[in-house]
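Structural characterization, general
As a plain string of letters, each chain reads:
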Amino acid sequence: MVNFKPVLFVIGLVLSKIALFMYVPTLTAFFTGTAGFLDFGLAVIITHVAAFACLTLGKTEDFRLNARDMFVITTMVWLIASAFAALPFVFINHISFTDAYFETMSGITTTGSTVLSGLDNMAPSILLWRSILQWLGGVGFIVMGVAILPFLNVGGMRLFQTESSDWSAKSSPRTKNVAISIMKVYVSLSALCFVAYWLTGMTAFEAVNHAMTTLSTGGYSTSDSSMNHFSHAAHWVATLFMFAGGLPFLLMINALRRREPSMLVNDAQVRGFTYLVLATALMVSLWLVLTKDYAVMDAIRVSLFNIISVVTTTGFGLDDFTAWGPFASVIFAFMLLVGGCSGSTAGGAKIFRFQIALALLKKQIQQLVHPSGVFIQRYNGRPVNEDIVRSVVAFAITYIMTILAVAMILAATGLDGITSLTGAMTAVANVGPGMGTMIGPTGNFAGLSDTAKWALSIGMLMGRLEILTVLVLLFPVFWRD
């Protein structure tokens, strides 16, 4: 059975931290004299009370967590934290709880889909809260990805516990030290991103918001025009730090610790990620120059920005790539599913799964040509065991099934096929914008029904938690002794 007291205690700890971060927009509203001080104050009180109740009821001397408890905690923390983090949107923006929960789940999973408009004139406190949610979601997922999911053996992330990130039981630091190292790098890169944005002409408020939503690959902006509102220099800054957010952070930390940048360059996942970005950006650039009369540098800037924005699941808007014609649309539809590197802030299926699938295909072809031959499937120079292959196959099947299930629910609410399918893809892949006039790069999700928004919210959560982490809770065998 699940040990509910420790689970409740952990939820209380998380809610207490959510309440503490609410003080930032609360104080922002107070010192700027803008809307939101009393509203955030009320949300802080409610969240603190709930945290205290969970901590009190969950207090136990025998604090032990098994794998089953970890599955419950991983899912419940995101569900419950989103509910309380949604309160400021209800109090300040006067929107329904469904819309507020959708906005919060989109933020904390760093999806970037939104139901809000009029961002340019919105209260600074609520804009800052949106950005904080994405920043917390980004670092929270990295820590979970390298410290929890590998031990639950879901989604194939165990591969990067022992191989890509060189995290062995003999030489690795404890989980606490790993989390601290991740935080140091994450905060440092966020600070660098802030300075870079500020130097491009953004105000300090715009720079700090976009720094948080860029590195977390979240995509929330302070303007309805998204990155179109800012200079070309800001576009290049966003491109660089979105790319950094799509890299494996634990590998980055090891490279810094050992002073060996070659660890990043030589990693198969990083190379595959880089080659994919450059190749697709080159194709789209040529397409824009030849068919849309773009200047060469503009084509490179816009295509590289949008490709990285989509593949890292950031979702910043810069021009409407759905208006670039069928060739570009097909490329972007594929990039919606790919995602960044495992152990990064990016969502999606992750590059390594495609690489392992290609290696498996190569092995099968060799086996067909040489039936008696013995071929070992390798990744990053090391053999890939059957557990990894099974987890990748299981993830691929459930990934596709989840997208189809969400798409059918959306279609049942009356949405057209393109909106339903790309809406489901963008939710499960945690990208942000879909395709079509309603939810495309220049639209938002406000016009969808409540049923569609709840379906998308669950899709975002499942995609962010590698699907199997949530799906296992639906099986009766999980709850049996």
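A quick note: this is a predicted structure, and the numbers were derived from the prediction, not measured.

Scoring rules and cut-offs
Residues numbered from 1 in each chain as written. Predicted model: local features only at pLDDT ≥ 70, side-chain atom pairs only at ≥ 80, totals over all residues. Heavy atoms only, no water. Helix = DSSP H or I, 4+ residues; strand = E, 2+ residues; numbered from the N terminus. Rg over C-alpha atoms; globule rule 2.2 N^0.38 Å. Buried < 20%, exposed > 50% of the residue type's maximum accessible area, 1.4 Å probe, protein only. Contact = heavy atoms within 4.5 Å. Areas by Shrake-Rupley, 256 points an atom, 1.4 Å probe, with all protein chains shown as cover. Lys, Arg positive; Asp, Glu negative; His and termini not counted. Charge placed at Lys NZ, Arg CZ, Asp CG, Glu CD. pLDDT = per-residue confidence, 0-100. Expected span 1.5 Å × (residues − 1). Phe/Tyr/Trp six-rings, centres within 6.5 Å; stacked < 30°, edge-to-face > 60°. Axes fitted to C-alpha atoms, helices over the stretch in contact; angles between N-to-C directions. Parallel < 35°, antiparallel > 145°, perpendicular 65-115°, else oblique. Nonpolar A, V, L, I, M, F, W, Y, C, P; charged D, E, K, R; others polar. Salt bridge = Lys/Arg side-chain N within 4 Å of Asp/Glu carboxyl O.

**Focus: the overall build of the chain**
A count of helical and extended segments in the chain gives 22 helices and two strands. Its C-alpha atoms give the chain a radius of gyration of 22 Å, near enough to 23 Å, the size a compact globule of 481 residues would have. Along the three orthogonal principal directions, the C-alpha set of the chain runs to about 75 × 65 × 50 Å. By the burial criterion, 57% of the 481 residues in the chain qualify as buried. Sequence separation of 24 or more characterises 72% of the internal contacts of the chain that already satisfy a separation of 6 or more. When the accessible surface of the chain is totalled, it reaches about 20000 Å², and 69% of it is carbon and sulfur. If the 27 positive side-chain charges of the chain are averaged to one point and the 23 negative ones to another, these points end up 13 Å apart.

**Quick notes on the confidence of the model for the chain**
When pLDDT is averaged along the chain, the result is 87; 92% of the residues meet or exceed 70. Scored below 50 in pLDDT, residues 155-173 shows 55 contacts in the model against residues more than four places distant or in partner chains.

**Notes on unusual backbone geometry**
You will see that Thr-313, though not glycine, has its phi angle at about 60 degrees, which is positive. Among the secondary structure elements, Thr-313 is positioned in the loop between helix H15 (296-311) and helix H16 (326-338). Its identity as a non-glycine residue notwithstanding, Lys-350 has a phi of 85 degrees, on the positive side. Checked against the element boundaries, Lys-350 lands in the loop between H16 and helix H17 (351-369).

**Focus: helix H1 (residues 4-32)**
With 29 residues, H1 should cover 42 Å at 1.5 Å per step; its first-to-last C-alpha distance of 43 Å lies within 8% of that length. Taken from the residues just after H1, Gly-33 is the one with a positive phi, measuring 70 degrees.

**What to know about the packing of aromatic side chains**
Per the stated rule, a full pass over the model turns up 18 aromatic pairs. Ring geometry for Tyr-186 versus Phe-249: centroids 6.0 Å apart, planes at 55 degrees, classification tilted. Taken together, the residues Tyr-186 in helix H9 (residues 175-199) and Phe-249 in helix H12 (residues 249-258) connect sequence positions 63 residues apart. Take Tyr-186 and Phe-249: they sit in the same class, and that class is buried. Centre to centre, the rings of Tyr-294 and Trp-324 are 6.4 Å apart; their planes meet at 75 degrees, and the pair counts as edge-to-face.

**Brief notes about the packing of helix H19 (residues 417-428) against helix H20 (residues 450-464)**
Each pair of packed helices can be described by the angle between their axes along with the distance between the axes. In contact at an axis separation of 7 Å, H19 and H20 are set at 40 degrees when each is read in the N-to-C sense. Judged by the inter-axis angle, H19 sits oblique to H20. Across the interface between the two elements, Gly-423, Ala-424, Ala-427 and Val-428 of H19 pack against Leu-456, Gly-459, Met-460 and Gly-463 of H20. Residues that form the contact of H19 with H20 fall into these classes: five nonpolar, three polar and no charged.

**Considerations on the pattern of salt bridges**
As a working rule, side chains carrying opposite charge can pair if their charged atoms are close by. If you walk through the whole model with that rule in mind, you get five salt bridges. Across the pair Arg-130 and Glu-103 runs a salt bridge, and its minimum N-O distance is 3.1 Å. With a gap of 27 residues between them, Arg-130 in helix H6 (residues 124-147) and Glu-103 in helix H5 (residues 97-108) connect regions that are remote in the sequence. Here Arg-130 matches Glu-103 in class, with each residue buried.

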